[in-house]
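Coordinate inspection notes
As a plain string of letters, each chain reads:
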Amino acid sequence: MMASHREPLLNELGKRDGEHPETDVERKKLPLPDLTEREVMKHFIHLSQMNYGIDCGFYPLGSCTMKYNMKLLERVVKNERVVQVHPLQDESTVQGCLHILHHLEQMLCEITGMDAFSLQPCAGAHGEFTGMLMTRAYFEQRGEHRTEVIVPDSAHGTNPASAKMAGFDVVEIPSKDGMVDMDALEHALSEQTAAFMLTNPNTLGIFEKDIQLIARKVREAGALLYYDGANLNAIMGKTSPGVMGFDIVHVNLHKTFGTPHGGGGPGAGPVGVREHLEEFLPVPRVVRQGEGYALDYERPRSIGKMSMFYGNFAVLLRAYAYILRKGNSLQEVSERAVVNANYLMERLRSVGYDVPFYRRRMHEFVLSLASLKKKGVRALDVAKRLLDYGFHPPTIYFPLIVEEAFMVEPTEDESRETLDSFVNAMDTIVHEDENIVRGAPHRMPVKRVNEGQAVRNAILTWKDL
Amino acid sequence: MLTYLGIESIDELFEDIPEKMRTGGLALPDAMEEREVEERIRALLAENKSFFEMPSFLPILKPHYIPPAVDEIVARQEFYTSYTPYQAEASQGMLQALFEYQSVVAELTGMEVANVSMYDSATALGEAALMAHRITGRKKILVPRAMFWHKRSVLENYARGAALEIIEIDHGEDGLMKLNFSGDDIAAIYIENPNFFGIIDRRYDELSKIKERTGALLIAGIDPLHLALFHPPSHYHADIVIGEGYLGNPMNFGGPLLGIFASKKQYLRQMPGRIIGATVDREGKRAFCMTLQTREQHIRRGKATSNICSNQALCCISFLAYVALLGSGGLRGVALQNMENAHYMAERLKEVGFEMPFDAPFFNEFVVTCPLEGKELNKRLLARGMYGGLPIDRYVAKGMLFGVTEMHTRELMDEAVETMVEVVA
């Protein structure tokens, strides 16, 4: 499927002297290649042919929600009244942008059960960091000195990292039967606790049934409950973080709301809060003013700014288009995502794969491939072998609480036929000669990449080569 | 599929949600057809004015011409729909392109290593301050008093958790931040080049000696286009380099942007964000992969150098494609055009009674003092379908910061100056 050629680096395509303007400039050498448009296009098209995108096939990366990116989203952002609009123009000349931001905030409030949103954070982790800084500001305002944030051991790595960046000490609690261990939580909660960060459904794809009790315990301790929205795709229209008792939420527009992942970004990580935290949201806030909209910077208790302007606007606009397109049928998005995940999990179990903490799942599930270890095959090997069958592998070795974890999230967009063909590939692989599996991939542009050597001998630019 | 699962209704799959917490649907509008979504958004955006409908001279982020080939390249679904390239064998295209991006940033800045982006220049500065703190164990970050206030606010937020102290340093009459500071516990000094007033800082010797004199790291905030003509920050021994990677990326009402982040190799292990390395595959052929991941949150969790996960990778591809298409010659050409146009505009404004408070070399941004308040000038210009620069009264009375690029034609500038004369009168 993918081209198996190699492509030289840009600087190896020939370094010619371009038309250097004759001038006395300070910098005599600008060591960049001079190529024709024809050469540059060929280069990048060749590179693209060595990359797996969503339109290439099944992309069941757990926790990443790799749903199909509607082409509509790419068209609406091409408008000149987006592309050629400066963020510091007079408000009267950006009413369209402000209207869209305001409406998107409202729709996110409806979906998450929050009272107010800021669209400024540029990614999920950036949203977490924003939420943690607001948590800090909230307790400072109340004159309480709280220094700890609790996270489950199944949490995304960004949770503890974001809490730490905001200056909190991180307390990690163990899970029990794949869910929050209530005893451990109660033990960890104290007057030092500022927040408990949780994703629900959690990273095993299990809905935390005790969420009411969790919310009550956290509130009784005087702490805030933070919702990591990475798994929001499972529950839209079914329940909401607000109803569950969360105080702060971030959502990943590049997961739940169909904006492309861009090979790593840009995404967007808007943060929503309940009323008691609204005054701490970043500035500016988008507010109604007469018939129109305005940017309000006069919020004395705001934490200030989190990024240069108003967030990744072109990403926000894509998510806006996605939500308009789906409307109140977003609920069906979650339904199909959950049906697909449960179907795929049962099918994989039926061919012998092990699901620790087996029970109904929401939008994703985690296999353990530990039993393959005795024939010398690891989760990494199965992942690489799946590439040969034309599938992007699931997330591996996460969450950390499952040995040889293999985390599968099919999303709502895949057909039963696709899911069945994935099961067939998984079933074939488990019966294959272990040397074939360990030697995978065999049909990619490159063979197994030596990542260890990349660390030991850091070659980070073409000059290092 | 429900039959296979042995259930009659989808609701059975949601039974783990306590009954009290079920919301039963969303109060959102009905789903729209594609055509309706397009119409709706086009109608809303009709309330905006683009640069072509309302030319402006706003600084910081500026309009630039982006070759159509850039759009084509980043429109390849293999790039824009893919995830972070954890699976190296299926991601060689993205990985090689990002490796090339790192190489281009290294060439432009003269630094040894670069990561594949922070969110924007402001968050890059925040991360740079934290990195300087980790390296030096010190707590003070010195910044110019005159800097874009948004960026300053973001820096404060990044500094909060580590309790860093941000200290403002005033500028002299030449508009340049004073460098005769002293004191201990200084982790880093942040300079911008060109600085907030658009002035090119050529105190290369003095800047080079900061670390020796104070032990503080030098963080340089750069403009990538400026580097096509002027000495890179490596020339004055910057330790960390940050900047706005706007090349190839449109304004888009302020986002997504691209935070450039480069450093000396000796500080590699303290760098935030993703880094791509060259290595070999099992047959010994060249291949690329994400590397030094033990710095990152998905491995190190609370002890990571940063919490960043999703970044601005696709904006790196736009930046790279832009630089590749222009080449060294084209890049210099655009940079010169920017500088010439900015100087033309400044001269024209001086002719009609605007003054330049700083007698200093500048690139494509400059400060003038207006005959009336900048805010009032913009208001009057707006009525004429035009906009001036950014009022900066907080630093210069009646001051306005102008940004001029290759997009500002002579005709446009002449017309703008005439209009300014009329509205001032």
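**Quick notes on the overall build of chain B**
Regarding its fold elements, chain B presents 13 helices and twelve strands. At 25 Å, chain B has a C-alpha radius of gyration in line with the 22 Å of a compact globule built from 425 residues. Residue burial in chain B is summarised as follows: out of 425 residues, 58% are buried. If you take every contact in chain B between residues at least 6 apart in sequence, the share linking residues at least 24 apart comes to 72%.

**With respect to helix H12 (residues 374–383) of chain B**
Residues and elements named next belong to chain B. Taken together, the buried positions of H12 are Gly374, Leu377, Asn378 and Leu381. The buried residues of H12 occupy one face: seen down the axis, they fall within an arc of 95°. After H12 finishes, the residue Gly385 shows a positive phi value of roughly 75°.

**A look at the sheet that holds strand E2 (residues 140–144) of chain B**
Residues and elements named next belong to chain B. Read from one edge of the open sheet, seven strands run E1-E7-E6-E5-E4-E2-E3, paired in mixed fashion. The two strands at the open ends of the sheet, each matched to only one other strand, are strand E1 (113–114) and strand E3 (165–169). Contacts from helix H6 (residues 121–136) reach E2, strand E4 (186–193), strand E5 (217–222), strand E6 (240–244) and strand E7 (259–263) within the one sheet, and its direction differs from that of E6 by about 170°.

**Here we look at the nonpolar core**
Judged by nonpolar contacts, the single largest core of 301 residues is most densely connected at Leu316(A), Ala129(B) and Ile219(B). Here the element with the most residues in this core is helix H11 (residues 313–351) of chain B; it accounts for 19 residues. Each residue touching Ala129(B), except ones within four places of it in the same chain, is listed here: Ile141(B), Leu155(B), Tyr158(B), Ala159(B), Leu164(B) and Ala188(B).

**Quick notes on the domain arrangement of chain B**
All names here are of chain B. The domain boundaries assigned to chain B delineate domain 1 (68–321) and domain 2 (327–424). Using C-alpha coordinates to define each centre, domain 1 is positioned 29 Å away from domain 2. Domain 1 puts 13 residues into the contact, and the matching count from domain 2 is 16 residues. Classifying every residue of the side of domain 1 that touches domain 2 by side-chain character gives eight nonpolar, three polar and two charged.

**So, the environment of Phe365(A)**
Residue and element names in this part refer to chain A. Checked against the element boundaries, Phe365 lands in strand E12 (residues 365–368). Note on Phe365: 29 C-beta atoms within 10 Å, which makes it buried. Note: C-alpha distance between Phe365 and Thr203 (162 residues apart in sequence) is 8.1 Å.

**Observations concerning the domain arrangement of chain A**
Residue and element names in this part refer to chain A. Taken as a whole, chain A is organised into domain 1 (10–55), domain 2 (61–66 + 330–452) and domain 3 (73–328). With centres defined by C-alpha atoms, the gap from domain 2 to domain 3 works out at 29 Å. With 21 residues of domain 2 in contact, the opposing surface of domain 3 contributes 25 residues. The set of elements that each furnish at least two residues to the side of domain 2 that touches domain 3 consists of helix H12 (330–350) and E12. Residue contributions to the side of domain 2 that touches domain 3 peak at seven residues, all from H12. Its residues assigned to classes, the side of domain 2 that touches domain 3 comprises 13 nonpolar, five polar and three charged.

About the thresholds
- Residues numbered from 1 in each chain as written.
- Chains lettered and ligands numbered in written order.
- Predicted model: local features only at pLDDT ≥ 70, side-chain atom pairs only at ≥ 80, totals over all residues.
- Helix = DSSP H or I, 4+ residues; strand = E, 2+ residues; numbered from the N terminus.
- Rg over C-alpha atoms; globule rule 2.2 N^0.38 Å.
- Buried ≥ 20, exposed ≤ 12 C-beta atoms within 10 Å, placed from the backbone.
- Contact = placed C-beta atoms within 7 Å.
- Arc of directions from axis to C-beta.
- Pairing = 2+ DSSP bridges.
- Axes fitted to C-alpha atoms, helices over the stretch in contact; angles between N-to-C directions.
- Core = buried A, V, L, I, M, F, W, Y, C linked by C-beta atoms within 7 Å.
- Domains from an automatic or database assignment.
- Nonpolar A, V, L, I, M, F, W, Y, C, P; charged D, E, K, R; others polar.

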